[in-house]
Amino acid sequence: MRAIRVFDSLSSLSRAVAEQFVEAARDAIAARGRFVVALSGGSTPRTLYEQLAAPGFADRIDWTKLLVLWGDERCVNPDDPRSNYGLARSALLDHVPIPGSNVRRIEGERGPHAAADDYERVLGEVFGLHAGRGEMPCFDLILLGLGKDGHTASLFAGSPALREEKRWAVDVTMADMDPRVPRVTLAIPVLNAARRVWFLVSGQGKREALRAVMRGAPVHSAPYPAGLVRPRGELVWFVDEAAAFPGMPTA
Ligand code: 6PG
């Protein structure tokens, strides 16, 4: 199932996502006793995280039943302003009663290879799986952003990581990637194994990338990375009017 929802502002977009997050958490906890979510990085989700931490949303979530992981991370210290974990910690996790053991960050400071290996271990623990056996972690929800170049998570056009079919987490050390900080990212098959994938896209700067991704335009003779995200479960694009393009499909 795919849906595209357009909002007049990032604030109203984030409020709608927060409302859906509460419902998705409630449904997952009722069905499986927990809600396993991979958060996104970048700047767009900050408003969402702040809203989830506020009364009206935070008090409607059983944080003891949430497991919070990440779709990707930069290989920096957790207190580095570029850290995706640091963003979520300051905007959300420090303000809600989630047990520390329920937060499983990517330890980017270990460096890309060691951090990816360690994150694979964490994913195996969280999902009770053994890497390399063809099983895929099934997140209840993965939040994603969209870069102006059509990347998502830390999956960039032309990256070998796009072809990864076995590993769950991969290191990204592309020299031409900007900012030039190595990263760790979930691989495409894990994104596509999720029950729900939500893209949050805001700002006029994303309009062309959104148009290209939605129209299946190629880059480097392959689809844009975000265009490779075709989950078996639900895919919802939360887009603000500034990022929406004329003639954009609404479903
Ligand atoms: C990251 C994100 C990345 C982000 C997009 C959009 O680590 O940078 O995972 O995929 O979502 O680049 O970033 P903005 O929200 O800052 O535009």
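Source: prediction; values computed, not measured.

(A) The arrangement of helix 6 (residues 207–214) in detail. Among the residues making up helix 6, those that are buried are A209, L210, A212, V213 and M214. Considering only its buried residues, helix 6 is in contact with strand 1 (2–7) and strand 11 (234–240). One or two residues past the end of helix 6 sits G216, with phi positive at roughly 70°.

(B) Representation of the packing of aromatic side chains in the model. The tally for this structure, following the rule as stated, stands at 6 aromatic pairs. Both rings, one in W198 and one in F238, keep their centres 5.6 Å apart while their planes meet at 65°; by these two values the pair is edge-to-face. One end of the pair, W198, is in strand 8 (residues 196–201); the other, F238, is in strand 11, with 40 residues separating them in the sequence. Judged by relative accessible area, F238 falls into the buried class, the value being 1%.

(C) Highlighting the pattern of salt bridges. Inspection of the entire model under this criterion finds 18 salt bridges. Notably, a salt bridge pairs R46 with E50, separated by 3.7 Å at the nearest N-O pair. With R46 and E50 both in helix 2 (residues 46–52) and 4 residues apart, the pair spans about one turn of that helix. Across the pair E234 and R196 runs a salt bridge whose closest N-O atoms are separated by 3.3 Å. Here E234, found in strand 11, pairs with R196, found in strand 8; they are 38 residues apart in sequence, far enough to count as distant.

(D) Seen up close, the sheet that holds strand 4 (residues 72–74). Reading across from one edge, 4-7-6 is the order of the 3 strands in this open sheet, with antiparallel pairing throughout. Strands at the two margins of the open sheet, each flanked by one partner only, are strand 4 and strand 6 (169–172). Neighbour-to-neighbour, the strand axes of the sheet open up by a mean angle of 15°, direction not taken into account. Examined bridge by bridge, strand 6 and strand 7 (residues 183–186) share 4 bridges and lie antiparallel to one another. Paired with D171 across the bridge in strand 7 is V184. Together, strand 6 and strand 7 form the strand contacts of helix 4 (residues 112–127), whose direction differs from that of strand 6 by roughly 165°.

Rules behind the numbers
Sequence order as written defines the numbering, with residues in each chain counted from 1. Selection of residues for local features in this predicted model requires a pLDDT of at least 70, selection of side-chain atom pairs for listing and counting requires 80 or more, and totals for whole chains, interfaces and linings are taken over all residues. Water and hydrogen atoms were dropped before computing side-chain values, which therefore reflect all heavy atoms in the structure. Burial classification: accessible surface area is computed with a 1.4 Å probe over protein chains only, and a residue below 20% of its type maximum counts as buried, one above 50% as exposed, and the rest as partly exposed. A helix here means a DSSP run of H or I that spans at least four residues, while a strand means a run of E at least two residues long, and both kinds are numbered starting from the N terminus. Residue contacts are defined here by distance: any two heavy atoms, one from each residue, within 4.5 Å place the two residues in contact. Working definition: a ring pair exists when centres of Phe, Tyr or Trp rings (six-membered ring for Trp) sit within 6.5 Å. Plane angles under 30 degrees give stacked, over 60 give edge-to-face, the rest tilted. The salt bridge criterion pairs a side-chain nitrogen of Lys or Arg with a carboxyl oxygen of Asp or Glu, the two atoms within 4 Å. By definition, two strands form a pair when at least two bridges between them are found by DSSP. Whenever a helix is involved, its axis is fitted only over the stretch in contact; in every case the axis is a line through C-alpha atoms, and angles between N-to-C directions fall within 0 to 180 degrees.

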